[in-house]
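Residue strings, one per chain:
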Amino acid sequence: MQVPDLIPVVPEILMTILVLSLLVIDLFIKQKEYIAVYTVVGSLLVIISVFYCTGVTFKGMFVADSYSIFFKMIFLINVIFAAIISVEYLKKRASLYGEYYVLLVFATIGMMIMASAGNLIVLYLGLELMALSTYVLAGIIRTDGLSTEAAVKYFLLGAFSSAILLYGISLLYGITGSLDIREIGLYIAKEGIINNKLLLLGLVFFITSFGFKIAAAPFHMWTPDVYHGAPTSITAFMSVGPKAAAFAIFGRVFMIVFPALSGSWVNLLIPIAILTMAVGNIVALAQTNIKRMLAYSSIAHAGYALLGIIAASNEGLSAMMNYMLIYLFMNVGAFILVIMLNNQAKVGDSIHDYRGLSKSNPLAAFLMLIIMFSLTGIPPTAGFMGKLYLFMAVVNAGYGWLAVVAVIFSAISAFYYLRIVMFMFMNESIEEVKLSLVDVNGLLLIIVVFMVLFIGVNPQPFVELARLAIL
Amino acid sequence: MLNEPGTYLPVGYLPILIFLGFSFVFGLGSLVFGLLLRPRRPYAEKLSPYESGIAPEGEPRQKFSVKYYIIAILFVVFDVEAVFLYPWAVAFDMIGLYGFVEMVLFIFILVIGYVYAWRKEAFVWD
Amino acid sequence: MLNQIIFGYFAVTMISLALIVITRKNIMHSIVYMLILFFHIAGLYLFLNAEFLAAIQIIVYAGAIMVLFLFVIMLLNLREELRKSRFAITWPIGAIFVVLSAVMIIISVFGNRFANVGNVKISDIEKVGHTVAVGKLLFVEYLFPFEVASLILLVAIVGAIVLAKKEIK
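Here is what the cut-offs are and how they apply
- Residues numbered from 1 in each chain as written.
- Chains lettered and ligands numbered in written order.
- Predicted model: local features only at pLDDT ≥ 70, side-chain atom pairs only at ≥ 80, totals over all residues.
- Helix = DSSP H or I, 4+ residues; strand = E, 2+ residues; numbered from the N terminus.
- Contact = placed C-beta atoms within 7 Å.
- Buried ≥ 20, exposed ≤ 12 C-beta atoms within 10 Å, placed from the backbone.
- Core = buried A, V, L, I, M, F, W, Y, C linked by C-beta atoms within 7 Å.
- Domains from an automatic or database assignment.
- Nonpolar A, V, L, I, M, F, W, Y, C, P; charged D, E, K, R; others polar.
- pLDDT = per-residue confidence, 0-100.
- Axes fitted to C-alpha atoms, helices over the stretch in contact; angles between N-to-C directions.
- Parallel < 35°, antiparallel > 145°, perpendicular 65-115°, else oblique.
- Expected span 1.5 Å × (residues − 1).
- Left-handed = near helix turned anticlockwise from the far one by under 90°.

## Notes on the overall build of chain C
Looking only at helices and strands, chain C features eight helices and zero strands. Counting helices and strands in the order they occur from the N terminus, chain C gives α-α-α-α-α-α-α-α. Considering only residue pairs separated by 6 or more positions, chain C has 48% of its internal contacts joining residues 24 or more positions apart.

## Quick word on the overall build of chain B
Each helix and strand counted, chain B has four helices and zero strands in total. Going residue by residue from the N terminus, the α and β elements of chain B occur as α-α-α-α. Among the 126 residues that make up chain B, the fraction classed as buried is 17%.

## Here we look at the nonpolar core
Formed by 248 residues in total, the largest nonpolar core has its most connected members in A:Leu104, A:Val105, A:Met114, A:Leu129, A:Leu307 and A:Met324. Looking at which element gives the most residues to this core, the answer is helix α14 (residues 314–345) of chain A, with 21 residues. Domain assignment of the residues forming this core places at least three in each of domain 1 (2–113) and domain 2 (121–169) of chain C.

## Observations concerning the interface of chain A and chain C
On the chain C side, the residues contacting the 33 residues of chain A number 28 residues. Taken together, the elements giving at least two residues each to the side of chain A that touches chain C come down to α4 (98–116), α5 (120–138), α6 (145–176) and α8 (197–214) of chain A. Class assignment of the residues belonging to the side of chain A that touches chain C gives a composition of 20 nonpolar, eight polar and five charged.

## A word on the domain arrangement of chain C
You'll often see interface size given as the accessible area lost when the parts meet. Looking at the assigned domains, one finds that chain C contains domain 1 (2–113) and domain 2 (121–169). The partner domain 2 of chain C presents five residues to the four residues of domain 1 of chain C that form the contact.

## Some points on the confidence of the model for chain C
On average, residues of chain C carry a pLDDT of 85, and 89% of them reach 70 or more. Summarising per-element confidence for chain C, the mean pLDDT is lowest in helix α4 (residues 79–83) of chain C (65) and highest in helix α8 (residues 143–164) of chain C (93).

## What to know about the interface of chain C and chain B
Contacts between chain C and chain B engage 48 residues on the former and 46 residues on the latter. Only α2 (27–47), α3 (51–76), α6 (122–128), α7 (130–141) and α8 of chain C provide two or more residues apiece to the side of chain C that touches chain B. Element by element, the count of residues in the side of chain C that touches chain B is highest for α8(C), at 13 residues. Considering only residue class, the side of chain C that touches chain B consists of 34 nonpolar, seven polar and seven charged.

## Comments concerning the packing of α5(A) against α6(A)
The relative placement of two packed helices is expressed as an angle between their axes plus a distance between the axes. All names here are of chain A. Following both chains from N to C, one finds α5 and α6 inclined at 170°, their axes separated by 9 Å at the closest point. Regarding the angle of α5 to α6, the classification is roughly antiparallel. Where α5 abuts α6, its residues Leu120, Tyr124, Leu127, Glu128, Ala131, Tyr135 and Ala138 lie against Ser147, Ala150, Ala151, Tyr154, Phe155, Gly158, Ser162, Leu165, Leu166, Ile169 and Leu172. Across the contact of α5 with α6, the residue classes tally to 14 nonpolar, three polar and one charged.

## Overview of helix α3 (residues 67–90) of chain B
When the terminal C-alpha atoms of α3(B) are compared, their 35 Å separation across 24 residues agrees well with the 34 Å that a helix rising 1.5 Å per residue should span. Among all positions of α3(B), only B:Ile70, B:Ala72, B:Ile73, B:Val77, B:Val80, B:Phe84, B:Pro87 and B:Trp88 are buried. Residues of α3(B) that are buried in the fold lie against α4 (92–119) of chain B together with α3, α7 and α8 of chain C.

## Describing the environment of A:Ala115
Residues and elements named next belong to chain A. As for its position among the elements, Ala115 is in helix α4. In sequence terms Ala115 and Asp65 are 50 residues apart; their C-alpha atoms lie 9.5 Å from each other. With residues near it in sequence (within four places) discarded, Ala115 still touches Ser68, Phe71, Lys72, Ala245 and Ala248.

## Some words on unusual backbone geometry
For the peptide bond that leads from A:Ala217 to A:Pro218, omega is 5°, which places it in the cis range. Residues A:Pro379 and A:Pro380 are joined by a peptide bond in cis, for which omega reads 5°. Unlike most non-glycine residues, A:Phe58 shows phi in positive territory, near 50°. Among the structural elements, A:Phe58 can be located in the loop between β1 (55–57) and β2 (62–64). What makes A:Phe58 buried here is the crowd of 21 C-beta atoms within 10 Å. With a phi angle near 60°, B:Glu121 is a residue other than glycine that sits in the positive phi range. Secondary-structure assignment places B:Glu121 in the segment after α4. Overall, B:Glu121 belongs to the partly exposed group, with 15 C-beta atoms counted inside 10 Å.

## Digging into the packing of helix α1 (residues 10–28) of chain A against α4(B)
At their nearest, the axes of α1(A) and α4(B) sit 10 Å apart, and the two run at 20° to each other. Relative to α4(B), the element α1(A) is oriented roughly parallel. In terms of crossing hand, the pair formed by α1(A) and α4(B) is left-handed. Counted together, A:Leu20, A:Leu23, A:Val24 and A:Leu27 of α1(A) and B:Ile109, B:Ile112, B:Tyr116 and B:Arg119 of α4(B) form the full contact between these two elements. Tallied by class, residues from the contact of α1(A) with α4(B) come to seven nonpolar, no polar and one charged.

## Looking at the environment of A:Leu132
Counting through the fold element by element, A:Leu132 comes out in helix α5. Looking at A:Leu132, the number of C-beta atoms within 10 Å reads 24, which means it is buried. Non-local contacts of A:Leu132, meaning those with residues more than four positions away in its chain, are made with C:Ile152, C:Val155, C:Ala156 and C:Gly159.

## Examining α7(C)
Here α7(C) spans 16 Å end to end across twelve residues, near enough to the 16 Å set by a 1.5 Å rise per residue. If you check which residues of α7(C) are buried, you get C:His130, C:Ala133, C:Val134, C:Gly135, C:Lys136, C:Leu138 and C:Phe139. Buried residues belonging to α7(C) abut α3 and α4 of chain B together with α3, α6 and α8 of chain C.

## What about the confidence of the model for chain B?
Counting all residues, the mean pLDDT for chain B is 84, and 85% of those residues have values of 70 or more. Considering each helix and strand of chain B separately, the mean pLDDT is smallest for helix α2 (residues 44–47) of chain B, with a value of 75, and largest for helix α1 (residues 14–37) of chain B, with 93.

Structure representation (structure tokens):
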């Protein structure tokens, strides 16, 4: 028996070593902050290794191509951010467990496996590894009823969507006799079974379960409650990581397994994307809790990113990937400020807590302004560039009207994002909030805002990186 | 003929089917037989639970401690591990050293889980 | 013909048992019916020439997971549920979705076609035995998913302790 080539899996192996050592270290040290530091340093090392470990191994089950590398970069940056912003937050809630970081890294390993999955079994196992860890993370503040409720809701609906995915996988296996993504795609093309009803049913199941994971309407019902109830640092983590991972498998499965059926799934995804943007943007208008508002905004952004899949082209995919990277920075930025207000003044959950922030801390208000501009998609921020590439891709694919619809919904989103800006700059504060940017969260916020502006002004290197990463 | 899907008959399991049938008939039969034979003269005291001794109080079902849950889930995890060991052991002469290394890795990861559970006092009852 | 009858028995029984499980008011009764359901699933595996899976179905599901179910139910102490109405008020909507999905699946099944039989044919399995066939496949072809499975089991351990342990040391 030939020993498989292990080079492509090195990042995953390193992450596994990291997580196992974290688990053991947690048993022996009392200062859990060191575990966070170790997580950050370890993940940074893994980012470097990601770029050097490419190839296909385990008989095509594991594919470390440039597509997966781009996503792994997103996941690792995401876990680093999440680890940094969690320390203070958890300490304030007396929930500073070492297991928290262990589960963060576990979830990230799951995402990395998903991004590299060349086989549906591997895809499913990666998804489960990610999902199980995030269910636990959502409920990790055990004294908080909302957190527990979030975990239970997320778990029940997540298990349901996993079951639907398994049904879809079994149908595909029954029809094509293979679990290998590439082989299934070739078989479908060779046999010309694009009108097979069972295959279409499998396709619908895949859309349903992936739609659940990216929080696309009408499978978004869990999102507001879970994002609201989960610890804020976890909300920041799971509004990017699992979503980007789901987009990674969305892109890979649909572009490799179902390219011949693109006529069918594009027609299915267009109403889903429109509905997602509509639900996300319109319901967000009515929210007064900022975590719920960001949850609906996250639904809306999933709708925009879906446009990249609808384009069904490499241009669309790279625009989607680029958007995920940009969304990572702007979303984390918004959550950092919420967490800082939470840590330092025990406020920040209601949008009214942001009134008059420009008086008490002009710099923080200004940074939040840039992030809100970016989420809306106003130049010169990265959010604008991300949307521009997505809309261009969708126009080039021949759906100009869809781009117009998306622009209209973006305009609607300005109402609720800029409402916060208005509160910060034009209103008097109800009570004085002292906010200091001189800590690690503040530093991270500045870095994130810098990245948002940097990508906004100079998007070329990131677009090129994403364009290299075509399937 | 054997290669056609849906035509397989596990004939080797016929004794088990017969056994199942027999135990089903025996169990049900003895209940029915007893029902037919025994005299039925019910009265209130006879029908109440615990014919002799103290009258029952409260609900029969009590709330379990969450401790049982941890034990149960640890049991499931290591049960599944044992299940993986079985085909490994049976097919060992075909997979050899290669399979051995794999299984060592698999068990190593779970042993870390075991040590973790141990140190976190998951096995301590109080 | 005999096979069709056997499959029909399993299919009809399993669907009825599943319906019974979700319609019982007393959740303990549901559990017992689910146990019977698990045994039927094991029987179906047997007729698919998957003896090992049949054994696993009984050991892991009917044995271990059933116990877990029972513990969780005892934990919740659902005496209230016995007095409440059996279904949430939204059940007609759910029923509509179920019927529609069932119609969709039934229509699709007519498009059924069998792919090439996989690498492992029934005759090969007959020769070496199902457990050996599973072992060979699992530890040679599917070794990567196998190792990932160990990580998932580890997450289960960590998750259970984080969520359910009274005081985390």
